[in-house]
Amino acid sequence: MRNLKTTLEQWRVLQAIVEHGGYAQAAEALHRSQSSLSYMMGRLQQQVGVEVLALEGRKARLTENGKVLLAEAAQLLDEAWRLERLAQSLSRGREPEVRLVVDMAFPTPLLLRALKRFTAAAEQTRVQMSEVVLSGADEALLQQKADIVIGTRIPSGFLGDLLIDVEFTAVAAPEHPLHGLGRALTTDDLKGHMQVVLRDSGTLKPRDDGWLGAPRRWTVSSMETSMAMLGAGLGFAWLPTHLLRRELDAGNLLPLPLDKGRTRRVPLYLIFATPNDVGPATRQLADLLVEVVAEGGASLAPASVADAAG
């Protein structure tokens, strides 16, 4: 183990001298004597082997070497402060990390809003987030890989509450043959065309949800790929309406004029992995997710869907 020649306290004093404009001002701010600060800076310069401060009259000025060293020291001091705040947080029983698993259907704007508020309120707690599809949420709970899960169902043995209903709309590109029929569509019409479906991210007991009547199918692993394939005219799919807003408004995708099932709603539940042992940071993040959904969930349903459908 290597021994350090300098201390964080010396670098903190150097930073204070520069910020406050001199030894006297820094001594007052730090509630230390000016002579003790002078001694510490003398020792620091001896230990590092270069001059870091030069006196110009009564004012201390950073040398070029001092500027380089202080810039690096500032990062160390920030990390030291973060470490101390983390220790204080842990002493109050807060978890250093929350593992959040979210179904891809959950609206990203709401997720980002909740994470932003959580970061501001609990900056010392990390969030490890994973996005899943279908049984991937169940798997995270069963394998104890999550503290909070937002999933499409509540697995046996767990408790959860409804967080939000996400609307899915059946869409295809304007030039797709289904739009060329010029009438209300039936499920028999859909069976003759390629359907784009999302692959279940779970591996233990993968499942299929929604209408899967088309014998020909593209299976993809992300919503973005699905939308790109639809835009290229490679099939039709049901996708979260909130993700389709821009494509619908631009006319790149159009809702299919189905006589039944044009839209469907998928519930998403908020589930604690260990409901009887929820840490304060985990609880806080869950509360913020509920809060942002209550504030903005209803506004995510696009008014343009009905108009685009004609």
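For the structure, check the block above.
The paragraphs below set out a description of the structure included in this document. Keep in mind it's a predicted model, so treat the numbers as computed, not measured.

Further remarks concern the nonpolar core. Phe 106, Leu 256 and Leu 289 are the most contacted members of the largest nonpolar core, which totals 50 residues. The contact partners of Leu 289, leaving out residues within four places of it in the chain, are Leu 100, Phe 106, Leu 111, Ala 114, Ile 150, Leu 163 and Leu 270. Among the nonpolar cores identified, the runner-up in size contains 19 residues, and Ala 16, Ala 27, Leu 37 and Leu 62 belong to it.

Let us now look at the packing of helix H1 (residues 8–20) against helix H2 (residues 23–30). One way to put it is that H1 packs onto H2 with a least axis distance of 8 Å and a crossing angle of 120 degrees. Like other packed secondary-structure pairs, H1 and H2 cross with a definite hand, here right-handed. Note on element contacts: H2 touches H1 through Tyr 23, Gln 25, Ala 26, Ala 29 and Leu 30, opposite Arg 12, Val 13, Ala 16, Ile 17 and His 20.

Glancing now at the pairing of strand S11 (residues 263–272). A regular strand places its side chains on the two faces of the sheet in alternate fashion. Here strand S5 (residues 148–151) pairs with S11 via four bridges, running antiparallel. What sits directly across from Gly 151, in S11, is Tyr 269. The pairing of strand S6 (residues 160–172) with S11 spans nine bridges and is classified as antiparallel. Each bridged residue has a counterpart across the sheet, and for Asp 165 the counterpart in S11 is Pro 267.

As a further point, take the side chain of Thr 6. Within the element layout of this structure, Thr 6 appears in the segment before H1. According to the relative accessible area criterion, Thr 6 is buried, its value standing at 18%. Looking at Thr 6, its side chain comes within polar contact range of the side chain of Trp 11, at 3.1 Å. Thr 6 has contacts with Trp 11, Leu 44, Gln 47 and Val 48, leaving out every residue within four places of it along the chain.

The description of an aromatic ring pair uses the distance of the two centres, along with the angle that the planes make with each other. Evaluated as defined, the whole model comprises one aromatic pair. Here the aromatic rings of Phe 236 and Trp 238 are separated by 6.2 Å at their centres, their planes lie at 70 degrees, and the arrangement is edge-to-face. In this pair, the class of Phe 236 matches that of Trp 238, namely buried. When the ring centre of Phe 168 is taken as reference, the NZ or CZ atom of Arg 264 above it lies at 5.0 Å.

With the rule as written, the count across this model stands at 11 salt bridges. One salt bridge connects Glu 295 with Arg 117, and the closest N-O pair in it is separated by 2.7 Å. With Glu 295 in helix H10 (residues 280–296) and Arg 117 in helix H5 (residues 108–121), the pair connects residues that are 178 residues apart, well separated along the chain. Under the relative-accessibility criterion, Arg 117 is labelled partly exposed at 28%. Linked through salt bridges whose partners overlap, the residues forming this network are Glu 9, Arg 12 and Arg 32.

Moving on: unusual backbone geometry. The backbone of His 31 sits at a positive phi, close to 60 degrees, despite the residue not being glycine. Under the relative-accessibility criterion, His 31 is labelled exposed at 73%. With a phi angle near 55 degrees, Gln 144 is a residue other than glycine that sits in the positive phi range. Along the polypeptide, Gln 144 turns up in the loop between helix H6 (135–142) and S5.

This brings us to the packing of H5 against H10. Viewed as axis vectors pointing N to C, H5 and H10 meet at an angle of 135 degrees, and their least axial separation amounts to 9 Å. The orientation of H5 with respect to H10, classified from their angle, is oblique. Considering only the axes of H5 and H10, their crossing is right-handed. Note on element contacts: H10 touches H5 through Ala 281, Gln 284, Leu 285, Leu 288, Leu 289, Glu 291, Val 292, Val 293, Glu 295 and Gly 296, opposite Leu 110, Leu 111, Arg 113, Ala 114, Leu 115, Arg 117, Phe 118 and Ala 121. In terms of residue class, the contact of H5 with H10 is built from 12 nonpolar, two polar and four charged.

Counted at 1.5 Å a residue, the expected span for helix H3 (residues 34–48) with its 15 residues is 21 Å, and the 21 Å between its end C-alpha atoms agrees. Check the buried side of H3 and you find it contacts H1, H2 and strand S1 (53–56).

A word on H5. The terminal C-alpha atoms of H5 lie 20 Å apart, and with 14 residues this matches the ideal 20 Å at 1.5 Å per residue to within 8%. Residues Leu 110, Leu 111, Ala 114, Leu 115 and Phe 118 constitute the buried set of H5. The buried residues of H5 occupy an angular sector of 130 degrees when the element is viewed end-on, so they sit on one face. Opposite the packed face of H5, turned more than 90 degrees from it, sit the exposed residues Leu 112, Lys 116 and Ala 120. Of the surrounding elements, those touching the buried residues of H5 are strand S3 (97–103), strand S4 (126–132), S6 and H10.

Definitions and cut-offs
- Residues numbered from 1 in each chain as written.
- Predicted model: local features only at pLDDT ≥ 70, side-chain atom pairs only at ≥ 80, totals over all residues.
- Heavy atoms only, no water.
- Core = buried A, V, L, I, M, F, W, Y, C linked by side-chain atoms within 4.5 Å.
- Buried < 20%, exposed > 50% of the residue type's maximum accessible area, 1.4 Å probe, protein only.
- Contact = heavy atoms within 4.5 Å.
- Axes fitted to C-alpha atoms, helices over the stretch in contact; angles between N-to-C directions.
- Helix = DSSP H or I, 4+ residues; strand = E, 2+ residues; numbered from the N terminus.
- Left-handed = near helix turned anticlockwise from the far one by under 90°.
- Pairing = 2+ DSSP bridges.
- Polar contact = N/O pair within 3.5 Å; in protein donor to acceptor, adjacent residues only side chain to side chain.
- Phe/Tyr/Trp six-rings, centres within 6.5 Å; stacked < 30°, edge-to-face > 60°.
- Lys NZ or Arg CZ within 6 Å of the ring centre and 35° of its normal.
- Salt bridge = Lys/Arg side-chain N within 4 Å of Asp/Glu carboxyl O.
- Parallel < 35°, antiparallel > 145°, perpendicular 65-115°, else oblique.
- Nonpolar A, V, L, I, M, F, W, Y, C, P; charged D, E, K, R; others polar.
- Expected span 1.5 Å × (residues − 1).
- Arc of directions from axis to C-beta.

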